[in-house]
Amino acid sequence: MGPKKGILERLAEGVVIGDGGFVFELEKRGYVMAGPWTPEVTLEHPDAVRELHREYLRAGSDVMQALTFYASDDKLINRGNVAGKKFTGAAVNAAACKIAKEVAAEGDALVLGGISETPTYLSGGGKAAVQAEFRKQIQVFVDHGMDFLLCEYFEYVEEVEWAIEVCKETGKPVASTMCIGPKGDMHGVPAGECAVRMAKAGADIVGVNCHFDPFVSLETIKLMKAGLEKAGLKPFLMCQPLGYHTPDAGPQGFIDLLEFPFALEPRLCTRWDFHKFARQAYDLGVRYIGGCCGTQHHHLRAVAEELAKERGKTPLSSEKHAPWGEGLALHTKPWVRARANREFWENLKPATGRPFSASMSEPENWGVTAGSKLMMQHAGVTTEAEQEEVRRFKKGGGKH
Ligand code: MET
Ligand SMILES: [Zn+2]
């Protein structure tokens, strides 16, 4: 085998599959604490991290993203290091890089080092202080020869511009995803403008991660794409959404849902939702497709199976998963065998099994929030005239 193809080459040739949600999955498995969400697990339980990388590789993931989320010193020291631990960003990040490289070598995957928003920025620290935090992390990625860099989970475009600037100093390809929805960043900068600013700062790949479901995230990508086209910019597009449905979320996404983070399971997307997402993302021109919080092995495998033709290969774990549920043809019960087909799974509207489960956690907002259009469609309000009526009703404080 010759040298590995780089990320930009792979994106130019076809579609790249990202990874799933590490901190969320490892929280459920007992290795990460919800609240700080910091990844000391790379030092405390490296095997748990290694196993999750392997699961994603088996699902078709082309990139082993080192588990470096929130591993800046300012975050670890002030809001991480649970139970008196004294791990530094450098130590956590170095361990993460080592594990990612080890598993990547078991396949043909690239390795990626990522930085995310900092408490220093959120508490009003200036550019120099914020960039100093990033520089420490990025030095570790350079020392470990990571293939490319990612700025992910930024709520403010100004901070991600500073992040991209530091990443560019390395000469490595840079990807950049903000955790924003169709309403834009937390200062109200529109999504299209955020994309343009990320690209102008030098990002080769731009898009969104986290905070919103696959379909709301694609709405944001559409706005980003329109902004980029208008500005004559052509970075690759990237989308790593939640594995949860969030049509009722406001501008800050799932963080504000009452179920965040411990009762989101009834909102979990199915693998069939991810088939649909992968197709829509691909058709929209998104070439880097993965997942964030809540996404698991089977979501990524669904992306890889949906795009098997485009990629010219199926994931390793398809060995145990016939397309569209066809493995059920071997079931002993005839009524289950009847579900061994695409039509059945594509058209199924899964129940929650909870007699008092509302479809929206804050149904009173359903005409006015980010995904309101989708919510209305779910609720059967399909024509533009009906939707307008709902909007008017909601704006009038519910008075008809
Ligand atoms: C809260 S977003 C977390 C992103 C990170 N890549 C992870 O999956 O853990
Ligand atoms: Zn996430």
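Everything numeric here is computed off the predicted structure, so don't read it as measured data.

Novice: Requested: an account of the UniProt feature "domain: Hcy-binding" (unreviewed entry) in the protein, with residues and values cited.
Specialist: The feature "domain: Hcy-binding" (unreviewed entry), as given by UniProt, occupies residues 4–307 in the numbering adopted here. Counting secondary structure, residues 4–307 comes out at 46% helix and 12% strand; the distance between its end C-alpha atoms is 21 Å.

Novice: Residue-level account of the coordination of the zinc ion (ligand 2), with values.
Specialist: Protein ligation of the zinc ion (ligand 2) involves C210 (SG), C292 (SG) and C293 (SG), the donor distances falling in the range 2.2 to 2.3 Å. Metal-centred angles of 92 to 132 degrees between the 4 donor atoms at the zinc ion (ligand 2) mark the site as tetrahedral. Sequence positions of the residues that donate to the zinc ion (ligand 2) give the spacing C-x81-C-C. Separated by 83 residues along the polypeptide, C210 in the loop between β6 (205–209) and α11 (214–230) and C293 in the loop between β8 (286–289) and α13 (297–306) bring together distant segments of the chain.

Novice: Describe the sheet that holds β6, and please don't skip the residues or the numbers.
Specialist: Taken in spatial order, the 8 strands make up an open sheet running β1-β8-β7-β6-β5-β4-β3-β2, and their pairing is parallel. Looking at strand neighbours, the two that pair on one side only are β1 (16–17) and β2 (63–65), the edges of this open sheet. Summarising the sheet, β6 and strand β7 (residues 236–240) pair through 5 bridges and their orientation is parallel. Considered in β7, the bridge of V208 is made with C239. Set on the sheet, helix α9 (residues 157–168) makes contact with β3 (110–115), β4 (148–154) and β5 (174–178); between it and β4 the angle comes to about 170 degrees. The strands that helix α10 (residues 191–201) touches are β5 and β6; relative to β6, the one it contacts most, it runs at about 135 degrees.

Novice: Break down the pattern of salt bridges for me, citing the residues and quoting the values.
Specialist: Pairing between side chains of opposite charge can happen when their charged atoms approach one another. Evaluated as defined, the whole model comprises 22 salt bridges. For the salt bridge of R197 with E193, the shortest nitrogen-to-oxygen distance reads 4.0 Å. Of this pair, R197 and E193 are both found in helix α10, 4 residues apart, which corresponds to roughly one turn of the helix. With relative accessibility at 25%, the residue R197 sits in the partly exposed group. A single network of salt bridges, built from pairs that share partners, joins E25, R29 and E55.

Novice: A description of the pairing of β8 should follow, citing residues and the corresponding values.
Specialist: Note that β1 and β8 share 2 bridges and pair parallel. Bridging from a neighbouring strand, I17 pairs with I289 of β8. Of the strand pairs in this sheet, β7 and β8 are connected by 3 bridges, and their pairing is parallel. Bridging across to β8, M238 finds its partner in Y288. Where the polypeptide runs from β7 across helix α12 (residues 271–284) and back to β8, its parallel neighbour, the crossover connection is right-handed.

Novice: Can you break down the packing of aromatic side chains residue by residue, with the values?
Specialist: This model, assessed by the stated rule, comprises 18 aromatic pairs. Aromatic side chains Y121 and W162 sit 5.5 Å apart centroid to centroid with 75 degrees between the ring planes, which places their arrangement in the edge-to-face category. Of this pair, Y121 sits in helix α7 (residues 119–122) while W162 sits in helix α9; the two residues are 41 residues apart in sequence, bridging distant segments of the chain. Residue Y121 shares its accessibility class with W162, and that shared class is buried. The ring of Y70 carries K75 above its face, with NZ or CZ at 4.2 Å from the centroid. Directly above the ring of Y282 sits R287, whose terminal nitrogen or CZ lies 3.9 Å from the centroid.

Calculation criteria
- Residues numbered from 1 in each chain as written.
- Chains lettered and ligands numbered in written order.
- Predicted model: local features only at pLDDT ≥ 70, side-chain atom pairs only at ≥ 80, totals over all residues.
- Heavy atoms only, no water.
- UniProt positions renumbered as here; feature names shortened; annotations may be inferred.
- Helix = DSSP H or I, 4+ residues; strand = E, 2+ residues; numbered from the N terminus.
- Donors = N, O, S within 2.8 Å, 3.2 Å for Na, K, Ca; no water.
- Tetrahedral: all angles 85-135°; square planar, octahedral: opposite > 155°, others 65-115°.
- Pairing = 2+ DSSP bridges.
- Contact = heavy atoms within 4.5 Å.
- Axes fitted to C-alpha atoms, helices over the stretch in contact; angles between N-to-C directions.
- Salt bridge = Lys/Arg side-chain N within 4 Å of Asp/Glu carboxyl O.
- Buried < 20%, exposed > 50% of the residue type's maximum accessible area, 1.4 Å probe, protein only.
- Right-handed = clockwise from strand over helix to strand, strands pointing away.
- Phe/Tyr/Trp six-rings, centres within 6.5 Å; stacked < 30°, edge-to-face > 60°.
- Lys NZ or Arg CZ within 6 Å of the ring centre and 35° of its normal.

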